[in-house]
Amino acid sequence: MTVYLVGAGPGDADLMTVRGARLLAAADAIVHDRLVERSVLDLARRDAELVDVGKVPGRFTSQSMINDLLVSLGRRYDTVVRLKGGDPFVFGRGGEEMIALGRAGVVCDVVPGVTSAFAGPLAAGIPVTHRGLSRGVTVVTGHTERHDDGYFRRLANPELSLVVLMGVAARSSIATQLIQGGLSDETPVAVIESAWTTRESVTRSVLRELGSLDVASPAIIVIGPCAALSVRELLAETSALV
Ligand code: SAH
């Protein structure tokens with residue numbers, strides 16, 4: 001009778017919240033995305049109804065079909081978990097699903113998750129803010145309807161780290177626009193693919209090269225001085241201080 005929107009975290013099941021894991025273990029039905037790792041789904045009851053609504057080419061589940069499915073499961077079962085990669089409200093359309101459930105009179109709640117926007121860079125040892133290097137961080141999607149509207153030109157700011165989700169396909173245009181907007185083409189870049197999974201891989205480069213990097217989705221792109229940092233360097237600095 002309650003649908004919980006639960007953040008699965010960035011990959012590794014250990015990075016889920018305790019509340020999220022408890023709900024997952026109790027759920028009668030679970031509706032999940034493609035990004036959710038098998039190790040997370042293993043926390044579910046053996047007899048739970050599992051529905052994969054991941055958007056894979058050739059098998060498209062529209063958002064309205066997902067909303068309808070959540071409403072009908074919410075009416076049928078005691079505990080339904082809508083499991084989303086990272087945090088449910090960061091590019092997860094979680095807000096839209098809550099509105100649809102609310103309109104249908106289905107009780108719902110939301111459990112935050114560790115977003116890949118921050119955990120992705122961290123997997124590569126990159127702090128997204130760092131004194132003297134980055135005063136803050138901007139998180140955006142690279143999957144915009146129109147790539148040619150100069151959106152990324154307006155995001156060029158050497159004082160901030162830029163974290164781009166869903167940016168692999170548009171990486172060349174993103175780099176061009178940021179350089180046109182005034183960022184140096186030598187600005188450090190890091191791409192973290194499948195962070196916190198067994199397939200994790202980190203590529204470091206500079207903005208000029210971003211378009212030609214051999215990287216695949218799902219990936220986090222970090223652009224800014226912090227992208228050159230790694231935990232190893234931070235530790236080296238620490239030991240130089242002591
Ligand atoms: N709600 C999610 C984001 C959903 S959008 C969150 O908070 O993390 C999907 C995008 O998230 C992917 O295209 C990719 O850019 C990013 N992403 C999610 N999990 C990731 C992971 N483990 N490694 C790299 N990128 C990831």
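Numbering of residues starts from 1 in each chain and follows the order in which that chain's sequence is written. The predicted origin of the model limits local features to residues at a pLDDT of at least 70 and limits the giving and counting of side-chain atom pairs to 80 or more, whereas totals for whole chains, interfaces and linings rest on all residues. To get the side-chain values, take all heavy atoms of the structure and skip hydrogens and water.

1. Let's talk about the domain arrangement of the chain
As used throughout, domain bounds are those supplied by an automatic or database domain assignment. When cut into domains, the chain gives domain 1 (2–114) and domain 2 (117–231). Domain 1 and domain 2 are separated by 28 Å when their C-alpha centres are compared. In this description, buried area is defined as the sum, over both parts, of the accessible area (probe of 1.4 Å) that is lost when the two are combined. Carbon and sulfur atoms supply 75% of the area buried between domain 1 and domain 2, which totals about 700 Å² over both sides. For domain 1, the biggest contributors to the area lost against domain 2 are Pro 10, Glu 37 and Phe 91; these three give 60% of the whole. Salt bridges are identified by distance alone: a Lys or Arg side-chain nitrogen within 4 Å of an Asp or Glu carboxyl oxygen. Counting every contact that joins domain 1 to domain 2 gives one salt bridge. Residues Arg 199 and Glu 37 are paired through a salt bridge, measuring 2.9 Å at the closest nitrogen-oxygen approach. Any N or O atom pair separated by 3.5 Å or less is treated as a polar contact, with the protein-specific requirement of one donor-capable and one acceptor-capable atom, and with residues adjacent in sequence counted only for side-chain atom pairs. Put simply, domain 1 and domain 2 have two residue pairs in polar contact (both at pLDDT 80 or more) between them. Amino acids outside the nonpolar list (Ala, Val, Leu, Ile, Met, Phe, Trp, Tyr, Cys, Pro) and the charged list (Asp, Glu, Lys, Arg) are all regarded as polar, and Gly is one of them. Residues that form the side of domain 1 that touches domain 2 fall into these classes: five nonpolar, one polar and two charged.

2. Overview of helix H5 (residues 116–123)
Working definition: with a 1.4 Å probe on protein chains only, accessible area under 20% of the residue-type maximum means buried, over 50% means exposed, and in between means partly exposed. Each helix corresponds to a stretch of at least 4 residues labelled H or I by DSSP, and each strand to a stretch of at least 2 residues labelled E; elements are numbered beginning at the N terminus. If you check which residues of H5 are buried, you get Ala 117, Ala 119, Gly 120 and Pro 121. In this fold, the buried residues of H5 make contact with strand E6 (136–141), strand E7 (160–165), strand E8 (188–193) and strand E10 (219–223). Of the residues flanking the end of H5, it is Gly 125, one or two places downstream, whose phi is positive at about 80°. Here, residues are in contact when the closest pair of their heavy atoms is within 4.5 Å.

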